[in-house]
Amino acid sequence: MLRASTRCDRETWSRTATFLLLGFVFYLSPWTAFAALPVPAGDQPVLRIQGSNTIGAKLGPALVRGLLQEQGFNDIRTSATQENEQTVSALNAAGRKVSVTIAAHGSGTGFTALSQGSAELAASSRPIKDSESASLASLGNMQSREAEQVIAIDGLAIVLHPSNPISALSTLQLAQIFSGEISDWAQLGGRSGAIDLYARDDNSGTFDTFKELVLSANGKQLSAEAKRFESSEQLSDSVASDVNGIGFIGLPYVRRAKAVAIAAGDSQPMAPSVTLIATEDYPLSRRLFLYAAPKRSNPWAEALLKFAQSPRGQAIVAQNGFIAQSVEAVKIAATADMPPAYQELTRNAQRLSVNFRFQEGSASLDNKAQQDLHRVLDYLREHDKLQSKVVLVGFGDPKALPARAELLSKLRAMAVRRELVREGVVMREVTGLGDELPVADNEGDSGRLKNRRVEVWVY
């Protein structure tokens, strides 16, 4: 597992990832074939997006502008129509205007808009809930690969005032803080002072993620004393102005506040670094989604989904402060807690910046992993790693018998092997390390699911 002392420099990683993504803009891949889009008569928007403020504030409009540029439109403009709502407009070569509307009032509002027919795409900073999927059953399976598109990786940053001496917190401590059980910084070894809580509103996918990973996982509820915000920027700036403040936001919105390292269960404290978030090892990492009806008729929705997955789209993701789903090889330094076989890997190989994870209660790759197969294969072909250069390492959660945990972890690695072998990859080694090197707390379902992963190493 990546430790604080082994993480690569965030700025260097960001520059490298963005450079490589931009360099592949014209590389043919499953995501980069764009047909000319229709420009209907009238003033109605060609596409309506509703949902997450995390996506809708900056990333959503940036992706729309990128698609319009890709399509050859000009005079592209973004205007605010009301609070947390924007319109992106442009002209085609014939001077005809198109517009895309983006309303960012929280992830839950996106699924409501889909059900009401007032949006074609729902932006969400958390997975669709079973109840939401059931309410949208008339549109098709909203949890399918066709409906659910992971467009970026983000990490929830826990932010304090810059002068606060606290540098690391556990998820249990966070649950105790935000439920009001810990109410003074002195209880955590800091300066004496009543803790002021700042939280996103109930419509926010950011809040849903925090509630699932921190509060519910520890049997807690948010204190009624917490100040609630629809805007991530306003929340962050409020914490940065309050010496006793603490809040949670998406990674791009840290701004003037101070982000602290987070530990979950037996994991070491991890800062919200690019590398740890890219692999989803950081305890509060999360996926950002666009959802659409599986059998969609709007060509603009289809085009934006395809563009968001393309190298150019992922470059825009990186430029807007989120973590692109690019694949890079990272050198990892050995630490004493690593098993000997894993230490050997760190000395002689590099780890790819992607983990394969699985559907809950299944040995099948999840929707993101199925997309990542294409990216990993592109990387292996580009770097001549198809023949005996790849090692797959499976991990899992504890079982009553350690041998069973080891077997299940290897079976996960074998599931990834099957997919890569179909594309001509010859493995160097496939192994399982059981419940070694956890990245999340095994006490909760979400933590166990996160620990069930497959790493890719290359020689």
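What you see as residue numbers is a count from 1 along each chain, following the sequence as written. The model is predicted, so local features are restricted to residues of pLDDT at least 70 and side-chain atom pairs to those at 80 or more, both for listing and for counting; the totals for chains, interfaces and linings are taken over all residues. Hydrogen atoms and water are omitted, and side-chain values are computed over all heavy atoms in the structure.

Asks: Mind laying out the UniProt feature "domain: OmpA-like" (unreviewed entry) in the protein, listing which residues take part and the relevant values?
Replies: UniProt positions are given in the numbering used here, feature names are shortened, and annotations may be inferred rather than shown by experiment. UniProt annotation of "domain: OmpA-like" (unreviewed entry) refers to residues 345-459 when read in the numbering used here. A helix here means a DSSP run of H or I that spans at least four residues, while a strand means a run of E at least two residues long, and both kinds are numbered starting from the N terminus. Here residues 345-459 runs as 41% helix and 25% strand, with 9 Å between its end C-alpha atoms.

Asks: How would you sum up the environment of Leu 392? Please name residues and give values.
Replies: Counting through the fold element by element, Leu 392 comes out in strand E16 (residues 387-394). Here the alpha-carbon distance between Leu 392 and Arg 351, two residues 41 residues apart in the chain, equals 9.9 Å. Should any heavy atoms of two residues lie within 4.5 Å, those residues are counted as being in contact. Ignoring sequence-local partners within four residues, the contact set of Leu 392 consists of Ala 413, Val 416, Arg 417, Leu 420, Met 427, Glu 429, Val 430, Thr 431, Val 454, Glu 455 and Val 456.

Asks: Give me the pattern of salt bridges: which residues, what numbers.
Replies: For this document, the term salt bridge refers to a Lys or Arg side-chain nitrogen within 4 Å of an Asp or Glu carboxyl oxygen. Evaluated as defined, the whole model comprises 28 salt bridges. One salt bridge in this structure joins Asp 208 and Lys 129, with 3.9 Å as the shortest N-O distance. Of this pair, Asp 208 sits in helix H6 (residues 205-215) while Lys 129 sits in the loop between strand E5 (121-124) and helix H4 (130-135), placing them 79 residues apart in sequence. Two residues, Arg 228 and Asp 202, come together in a salt bridge whose shortest N-O distance is 2.9 Å. One end of the pair, Arg 228, is in strand E9 (residues 227-229); the other, Asp 202, is in the loop between strand E8 (196-200) and H6, and 26 residues separate them in sequence. Per-residue accessibility, obtained with a 1.4 Å probe over protein chains only, is compared with the maximum for each type, and a residue is labelled buried under 20%, exposed over 50%, and partly exposed between these values. Judged by its relative accessible area of 34%, Arg 228 falls in the partly exposed class. Shared partners join several salt bridges into a network, and the residues in it are Glu 280, Asp 281, Arg 287, Arg 351, Arg 357, Asp 366, Arg 453 and Glu 455.

Asks: Break down the packing of aromatic side chains for me, with residues and values.
Replies: Note on ring pairs: Phe, Tyr and Trp rings are taken, using the six-membered ring of Trp, and paired if centres are within 6.5 Å. Classes follow the plane angle, with under 30 degrees stacked, over 60 edge-to-face and the rest tilted. The tally for this structure, following the rule as stated, stands at 10 aromatic pairs. Plain terms: the ring middles of Tyr 342 and Phe 395 are 6.0 Å apart, the flat faces sit at 75 degrees to each other, and that makes the pair edge-to-face. Note that Tyr 342 is positioned in helix H11 (residues 340-348) and Phe 395 in the loop between E16 and helix H13 (402-421), a separation of 53 residues in sequence. Take Tyr 342 and Phe 395: they sit in the same class, and that class is buried. Aromatic side chains Tyr 342 and Trp 457 sit 5.3 Å apart centroid to centroid with 80 degrees between the ring planes, which places their arrangement in the edge-to-face category. Residue Tyr 342 is located in helix H11, and its partner Trp 457 is located in strand E18 (residues 453-458); the two are separated by 115 residues in the primary sequence. One exposure class covers both Tyr 342 and Trp 457, and it is buried. Among the aromatic side chains, those forming a connected cluster through ring pairs are Phe 178, Phe 207, Phe 210 and Phe 248. In our convention, an over-ring charge means Lys NZ or Arg CZ found within 6 Å of a ring centre and within 35 degrees of that ring's normal. In this structure, Arg 228 packs its charged tip against the face of Phe 207, placed 4.6 Å from the ring centre.

Asks: Provide a residue-level description of the sheet that holds strand E17 (residues 426-432), including the pertinent values.
Replies: Only strands that DSSP links by at least two bridges are regarded as paired with each other. The five strands lie next to each other as E14-E15-E18-E16-E17, forming an open sheet whose pairing is mixed. Sheet topology places strand E14 (329-330) and E17 at the edges, where each strand pairs with a single neighbour. Pairing of E16 with E18 involves five bridges; the strand directions are antiparallel. Counterpart to Leu 392 in the pairing with E18 is Val 456. Lines fitted to C-alpha atoms define the axes, with helix axes restricted to the stretch in contact, and inter-axis angles between N-to-C directions lie between 0 and 180 degrees. Along the sheet, H11 makes contact with strand E15 (350-357), E16 and E18, crossing E18 at roughly 40 degrees.

Asks: Please provide a residue-by-residue account of the domain arrangement of the protein, values included.
Replies: These domain limits were set by an automatic method or by a database of domain assignments. Domains assigned within the protein are domain 1 (47-147 + 293-317), domain 2 (154-279) and domain 3 (327-458). Measuring from the centre of the C-alpha atoms in domain 1 to the corresponding centre in domain 2 gives 29 Å. In this complex, domain 1 contributes 14 residues to the contact, which on the side of domain 2 involves 15 residues. When domain 1 packs against domain 2, close to 1100 Å² is buried across both sides, 34% of that on carbon and sulfur atoms. Applying the counting criterion to the domain 1 and domain 2 interface returns two salt bridges. In protein, a polar contact requires one atom able to donate a hydrogen and another able to accept it; more generally it is a pair of N or O atoms within 3.5 Å, and residues adjacent in sequence count only if both atoms are side-chain atoms. Linking domain 1 with domain 2 are 10 residue pairs in polar contact (both at pLDDT 80 or more). The nonpolar class holds Ala, Val, Leu, Ile, Met, Phe, Trp, Tyr, Cys and Pro. Asp, Glu, Lys and Arg form the charged class, and all remaining residues, Gly among them, are polar. Partitioning the side of domain 1 that touches domain 2 into residue classes produces one nonpolar, nine polar and four charged. Two parts placed together each lose some accessible area under a 1.4 Å probe, and adding up what both lose gives the buried area.

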